[in-house]
Amino acid sequence: MAQNTKTRSNQNNERIALIQKQRKRTQVQNTMLAASGILGFILIWQIAAVSGLVNSRYIAKPLEIVNLFIVKLTDPNPDGAVLGVNVMSSLAVSLSGFGLAVLIGVPLGLFMGWYRGFDSFMRPIFEIIRPIPPVSWIPLTIVWLGIGLKAKAIIVFFAAFVPCLINSYTGIKQTSEVLINVAKTCGASNFTIFRKVGIPSAMTLTFAGIKVAIGNAWATLVAAEMLAASSGLGYMILMGRQFGRVDLVILGIVVIGAIGLVISKLIDMLENKVLGWKKL
Amino acid sequence: MPMDKKKVKLRLENISQSYVVNNEVRDAVSNVSIDVYDNEFLVILGPGHCGKSVLLNIIGGLEKPVEGNKYIDGVKFTGSDKRIGMVFQRLALMPWKTVMGNVEFGPRLAGVDKATRRKIAQKYIDLVGLKGFEKAYPHQLSGGMKQRVGIARAYANSPEILLMDEPFGQLDAQTRIVMEEEIQRIWQQEKRTIIFVTNNIEEAVYLGDRIILLSKCPARVKQIYEINLPRPRNTMDPEFLRIRREVSENTDLAL
Ligand SMILES: Nc1ncnc2c1ncn2[C@@H]1O[C@H](COP(=O)(O)OP(=O)(O)O)[C@@H](O)[C@H]1O
Ligand SMILES: [Mg+2]
């Protein structure tokens, strides 16, 4: 009997190893496809720029962007700050706004989804805030807080807060009735069930919300920096336009894209850690 | 030994439940009184939507009856109770927890320290035949294995009474037969008072010390059968078939 179950669990492990191997293979394939996609895109871009298909006033060659990238690492001209400073300034704004949105939006959504009374209390306020486009807060925050970090962080906050709240709210609402009953029969209090059953059940959608939120935060950041800033990637793009420097504009866009990618990969990693049970 | 000499573990007294649906009162359970004996395997048999789950949820304290009383060992109680555990029909495992995590859930909530609750959980994981699968997640398990986890989890709370609401209703016929044998073996190894709900006559006659036959909605006690066949029962045995026929003639199992 013991022997039997041992071989059974061994077989199980072998099976899991095989599946993981196959999964790794598809992962490698996917990465290669993605890399060749990017290379192809850059190639077409280069051809379009070199062949004169597109007026060189409107487009810069990929290599020029790489050059400018290196130059901008140390040269504050023409927008007044080196690339690193712009990146840090943008990150500071977006991460503080986004972080605040997650820190407030997610728990608020979870509590509203679980406690009906709290939901009734909060809902009207939320329903009023929800449809307001985040950028329409910009003039008000300039009046209140000037054009510093705080003002922009608040705009980013509004953009990221809504998806955080809605998704964790919906997620916890979908908690299985049976699982709640399981916890009840174990003698759990409502708050314990909220923590042990509700929150884990809500995690999948919560992460979906956080991903939407980071996208929103990043997008809104650029808009905010174009209107109210003295540094940052959005500001750099704006200056590029004013000085007629298409290469600077494109560099800004590329850097924004690259950082966005890195951040969403980081969130994916965190998600894998929390929702790792779904894989395997 | 005649049943009425046995100790009454759980007593249900005039339990009734009704709901208001579309401004109409709809009775789901009507005036049910049952005595459940200590360590008995009691089967509650009734057609679909007759109020079996409602009755079981009332016993387990998941809902409050509009009328009636519940007693354990002669002492009245209300709501849920640590002495009553439940095995559910489906989707009852936490997908984010391993087999071990699911089984030790109850003791963990009760504040049992890690070493002790691991030992308890391991005992029941072994009992239900899942040794070697402690680290597996529910979605890696078959339907039968998931139900085994559900049974182990209910046992891990060390209840005196176990409620099982059509635990094998979602399984295919083959697995169901295996699980019927298994639940019998488990119960014989670790005696508890079991109240097992089903709409399957053969399952009822195979498992029950007694069968409480319920009527169509609202649920009323229609008939009580005592089954004294030795275990494990042979479903081809003439006496088994006779009882089975007798029960089915009396049942309105319009499914
Ligand atoms: N919370 C509720 N509100 C209204 N009707 C209910 C509720 N719970 C159960 N019912 C009704 O009671 C009847 C019995 O349900 P149930 O006990 O689930 O049947 P089953 O015997 O199949 O387990 C059904 O008609 C069901 O619709
Ligand atoms: Mg039912």
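Source: prediction; values computed, not measured.

The rules behind these values
- Once a new chain begins, its residue numbering starts again from 1 and follows that chain's sequence as written.
- To read the labels, note that chains go from A and ligands from 1, taken in the order they are written.
- It should be noted that, the model being predicted, local features are given only for residues of pLDDT at least 70 and side-chain atom pairs only at 80 or more, the latter also being counted only at that level, while totals for whole chains, interfaces and linings use all residues.
- In computing side-chain properties, one takes all heavy atoms of the structure into account and sets aside hydrogens as well as water.
- A helix here means a DSSP run of H or I that spans at least four residues, while a strand means a run of E at least two residues long, and both kinds are numbered starting from the N terminus.
- Note on method: radius of gyration uses C-alpha positions; expected globular size equals 2.2 Å times residues raised to 0.38.
- For each residue, the accessible area found with a 1.4 Å probe, counting protein chains only, is set against the maximum for its type, and the residue is called buried under 20%, exposed over 50%, and partly exposed in between.
- Contact criterion: two residues are considered in contact whenever any of their non-hydrogen atoms come within 4.5 Å of each other.
- Reported accessibility uses the Shrake-Rupley method at a 1.4 Å probe radius. Residues are deemed covered only where the shown protein chains occlude them.
- Defined in terms of a 1.4 Å probe, buried area is the accessible area two parts forfeit on being brought together, summed over both.
- Counting of polar contacts relies on pairs of N or O atoms within 3.5 Å, with two restrictions inside protein: one atom must be capable of donating a hydrogen and the other of accepting it, and residues adjacent in sequence are counted only when both atoms are side-chain atoms.
- Boundaries of every domain are those given by an automatic assignment or by a domain database.
- Think of a salt bridge as a Lys or Arg side-chain nitrogen and an Asp or Glu carboxyl oxygen that are within 4 Å of each other.
- In the scheme used here, Gly and all other residues not listed as nonpolar or charged are polar, with Ala, Val, Leu, Ile, Met, Phe, Trp, Tyr, Cys and Pro taken as nonpolar and Asp, Glu, Lys and Arg as charged.
- Two strands are counted as paired when DSSP detects at least two bridges linking them.
- Here, axes are lines fitted to C-alpha atoms. For helices the fit covers the stretch in contact, and angles between N-to-C directions go from 0 to 180 degrees.
- Note on terminology: angles under 35 degrees are roughly parallel, angles over 145 are roughly antiparallel, angles of 65 to 115 are roughly perpendicular, and the others are oblique.

**A short note on the overall build of chain A**
A tally of regular secondary structure across chain A gives 10 helices and zero strands. Ordering the α and β elements of chain A from the N terminus gives α-α-α-α-α-α-α-α-α-α. Whereas a compact globule of 280 residues would reach a radius of gyration of roughly 19 Å, chain A reaches 24 Å, over 25% beyond that. Principal axes of the C-alpha set define a box for chain A whose edges measure 75 × 55 × 30 Å. For chain A, the proportion of its 280 residues judged to be buried stands at 41%. Partitioning the contacts of chain A with sequence separation of at least 6, the portion at a separation of at least 24 is 72%. As displayed, chain A offers around 15500 Å² of accessible surface, 68% of which is attributable to carbon and sulfur atoms.

**Observations regarding the interface of chain B and chain A**
Accessible area lost upon the coming together of the parts serves often as the stated size of an interface. Chain B puts 26 residues into the contact, and the matching count from chain A is 24 residues. The contact between chain B and chain A buries some 2200 Å² in all, and 69% of this surface belongs to carbon and sulfur atoms. Scanning the region where chain B abuts chain A turns up zero residue pairs in polar contact (both at pLDDT 80 or more). Elements with a contribution of two residues or more to the side of chain B that touches chain A: β6 (84–87) and α3 (105–109) of chain B. Examining the composition of the side of chain B that touches chain A, we find that four residues originate from one element, α3(B), more than from any other.

**Some remarks on the domain arrangement of chain A**
All names here are of chain A. On domain assignment, one finds that chain A holds domain 1 (1–56) and domain 2 (60–279). Just the C-alpha atoms count here: the centres of domain 1 and domain 2 sit 28 Å apart. Put simply, domain 1 and domain 2 have zero salt bridges between them. On inspection of domain 1 and its partner domain 2, the count reaches one residue pair in polar contact (both at pLDDT 80 or more). A breakdown of the residues in the side of domain 1 that touches domain 2 according to their chemical character gives four nonpolar, one polar and one charged.

**Digging into the environment of A:Val274**
All names here are of chain A. Tracing the backbone through its elements, the reader meets Val274 in helix α10 (residues 246–274). On a C-alpha basis, the gap between Val274 and Phe207 in space is 9.5 Å, while along the polypeptide they are 67 residues apart. Filtering out sequence-adjacent residues up to four positions away, Val274 remains in contact with Met203 and Phe207.

**Considering the sheet that holds strand β5 (residues 75–77) of chain B**
Residues and elements named next belong to chain B. Taken together, the four strands give an open sheet; going across it, the order is β2-β1-β4-β5, and neighbouring strands pair in antiparallel fashion. Each end of this open sheet is capped by a strand with a single partner; those strands are β2 (24–37) and β5. Averaged over all neighbouring strand pairs, the angle between strand axes comes to 30°, with direction disregarded. Examined bridge by bridge, strand β4 (residues 67–72) and β5 share three bridges and lie antiparallel to one another. Of the residues in β5, the one forming a bridge with Ile72 is Val75. The sheet strands contacting helix α1 (residues 52–60) are β1 (8–21), β2, β4 and β5, and the helix crosses β1 at an angle near 120°.

**Some thoughts on the packing of helix α3 (residues 83–114) of chain A against helix α4 (residues 116–129) of chain A**
Residue and element names in this part refer to chain A. Here α3 crosses α4 at 120°, and the two axes come no closer than 5 Å. The angle between α3 and α4 places the two elements in the oblique class. Packed against α3, whose contacting residues are Leu108, Phe111, Met112 and Trp114, the element α4 presents Arg116, Phe118, Asp119, Met122 and Arg123 at the interface. Class assignment of the residues belonging to the contact of α3 with α4 gives a composition of six nonpolar, no polar and three charged.

**Details of the sheet that holds strand β3 (residues 41–45) of chain B**
Residue and element names in this part refer to chain B. Reading across the sheet, the six strands line up as β6-β7-β8-β3-β9-β10 and stay open at both edges, with mixed pairing between neighbours. Only two strands of the sheet have a single neighbouring strand rather than two, namely β6 and β10 (221–226). Along the sheet, successive strands turn relative to each other by an average axial angle of 20°, direction set aside. Here β3 runs beside strand β8 (residues 193–198); their pairing, made up of five bridges, is parallel. What sits directly across from Val43, in β8, is Phe196. The sheet contacts of helix α5 (residues 143–156) involve β6 and β7 (161–165), and relative to β6 the element is tilted by about 175°.

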